[in-house]
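Descriptive structure summary
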Amino acid sequence: MQKTTRSPDEIDTHIGKNIRKFRQLAELTQRHLAAELDMTYQQVQKYEAGRSRIAAVNLYKLSRMFGVTVDCFFNGYEDS
């Protein structure tokens, strides 16, 4: 069976950029953020690059950590 590679979805990429922005504003490293979410820092890298789709529960946890609403991760995104 051939393994397929999907291109990052533009929404996943947009959310990832906002995760990175909020993480940097909070002065957290990827390792610190990963520890808070109980995952590897490589997974945080994938989220921030849009290569991995983030689960709703983790998006909720991030919003609580950063003191923002979940919809803040979608700010600036418009359907084309």
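Below is a summary of the structure that appears in this document. (Residues numbered from 1 in each chain as written. Predicted model: local features only at pLDDT ≥ 70, side-chain atom pairs only at ≥ 80, totals over all residues. Heavy atoms only, no water.)

**A short note on the nonpolar core**
Note the following rule: What we call a nonpolar core is a set of buried Ala, Val, Leu, Ile, Met, Phe, Trp, Tyr and Cys residues that are connected through their side-chain atoms within 4.5 Å. Only protein chains enter the area calculation, which uses a 1.4 Å probe; residues under 20% of their type maximum are buried, those over 50% are exposed, and those in between are partly exposed. Here a strand is any run of E in DSSP of at least two residues, a helix any run of H or I of at least four, and the numbering for each starts at the N terminus. Should any heavy atoms of two residues lie within 4.5 Å, those residues are counted as being in contact.
Counting 15 residues, the largest nonpolar core has Ile19, Leu33, Ile54, Leu62, Phe66 and Phe73 as the members making the most contacts within it. Secondary-structure elements contributing two or more residues to this core are α1 (10–25), α2 (30–37), α3 (41–49) and α4 (56–66). In this view, Ile54 contacts Ile15, Ile19, Tyr47, Leu59 and Leu62; residues no more than four positions away in its chain are not counted.

**Concerning the environment of Ala26**
Here Ala26 is to be found in the loop between α1 and α2. With a relative accessible area of 37%, Ala26 lands in the partly exposed category. C-alpha separation for the pair Ala26 and Phe66, spaced 40 residues apart in sequence, amounts to 7.1 Å.

**Let's talk about the side chain of Asn18**
Inspection of the secondary structure puts Asn18 in helix α1. Asn18 sits in the buried class, given a relative accessible area of 8%. Ignoring sequence-local partners within four residues, the contact set of Asn18 consists of Cys72, Phe73, Phe74 and Asn75.

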